[in-house]
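Chains, contacts and geometry: an overview
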Amino acid sequence: MTQAPTPTADTVRRLVRSLLADSALGASSATAGPDVRPVGAGGEGSTWWVGARHVLRLAPDREASARLRRELRLRDLVRPHLGVAVPVGVAHGEWAGGLAYTLDTRLPGGSAEEHDVSAVGEADLAGLLTGLREVPVRQAETLGVPRVAPRSLEALRRAAERAAERLATADEFDPARLHQLTPAAATQLAAQAGTAVLVHHGLRGERLVVSADGRVRGVLDWTDAVVGDPAEDIAGLALAVGSPAAVRAATLAGYAARPCLRGLWLARCDTVVRLAESLTGRDAGPRPLLRVQLRRAWEAILLERVTELREQDEEE
């Protein structure tokens, strides 16, 4: 198998110069082109700032290229339904044989790792979750968005229990905190049939564009989108903005206690497992961020006990 080329600053500059003829980047020196800078480590492929107004994403392999091409069509589908912005593509093609790129507008603002989300920002997140429910699932699947079965919370709970023991040895986590999620509770929080929606499946803090006043202005990177369990996006928000804000946003979006609690416990178990894997070298995620995400996911919310679902179900 031929190894894919590694993109460099020179690779990016040559590609950007080729796009200048189409005036996609505005008035710039045709010789030097705009400044290009890598966005940072992590994520799929290579992502570069191009000047002050654009972002260039280079897929590292053919599978990622297919997802990147699908994302271009998916963004057009979701844009009318969301109350927040998604990037607009200004150019796309191949940067190497069979490997895709997309040049997008840069959404103004920072990330949820840089700015706290305000109460009004939580309403923005509620609008995002509401909009995702409104996207026609059949149209998304026609674009190639895969349908994914819900995860087993009970299997994840067992994995988290084993991971929690390793974290306890390292003085990172108290395993007793997981006792709130019993096997019976995990069963009660199984995903319900007929609830599949379009799921972003990657609502991490760095993918939420947040302004200095705490408003959520946009959502980046739709390459991991699936048709599946909406609790996965609630779980993602718990890691990005904390469990209380995530549950408030989901409740405002019309989700009842069951999917909110399911998302909460998906996030909590995931953070325990990932931090334990980081300590053993099996997760390459930045350990300080994993610790922050664990803290956010384990923030207390008003509705903690699964037994309260019975009363909630009676009211519905």
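Each remark here, short or long, concerns the structure printed above.
Summarised in this report is the structure supplied together with it.

Each value, and the rule that gives it
Residues numbered from 1 in each chain as written. Predicted model: local features only at pLDDT ≥ 70, side-chain atom pairs only at ≥ 80, totals over all residues. Heavy atoms only, no water. Pairing = 2+ DSSP bridges. Helix = DSSP H or I, 4+ residues; strand = E, 2+ residues; numbered from the N terminus. Core = buried A, V, L, I, M, F, W, Y, C linked by side-chain atoms within 4.5 Å. Buried < 20%, exposed > 50% of the residue type's maximum accessible area, 1.4 Å probe, protein only. Contact = heavy atoms within 4.5 Å. Salt bridge = Lys/Arg side-chain N within 4 Å of Asp/Glu carboxyl O.

Digging into the sheet that holds strand S9 (residues 216-219)
Taken in spatial order, the 3 strands line up as S6-S8-S9 in an open sheet, and their pairing is antiparallel. The open sheet has two edge strands with one neighbour each: strand S6 (110-111) and S9. As judged from the 2 bridges shared by S6 and strand S8 (residues 208-210), these two strands associate in the antiparallel manner. Across the sheet, Gly-110 pairs through a bridge with Val-210, a residue of S8.

Description of the nonpolar core
By size, the foremost hydrophobic cluster in this structure holds 72 residues, and its most contacted members are Leu-198, Leu-208, Trp-222, Val-241 and Val-272. Among the elements that take part in this core, helix H9 (residues 257-279) stands out by supplying 11 residues, more than any other. Setting aside its immediate chain neighbours within four residues, Val-241 contacts Ala-112, Val-117, Leu-125, Leu-208 and Ala-246. Judged by nonpolar contacts, the second largest core, of 15 residues, contains Val-12, Leu-15, Ala-96 and Tyr-101.

Looking at the pattern of salt bridges
Enumeration over the complete set of coordinates arrives at 27 salt bridges. Among the salt bridges present, the one from Arg-79 reaches Asp-76, with a minimum N-O distance of 2.9 Å. For Glu-206, the salt bridge identified is with Arg-204, shortest N-O distance 2.8 Å. Relative accessible area serves as the criterion here: at 35%, Glu-206 is assigned to the partly exposed category. Within this structure, Arg-57, Glu-71, Arg-75, Asp-104, Arg-207, Asp-221 and Asp-224 form a network of salt bridges that share partners.

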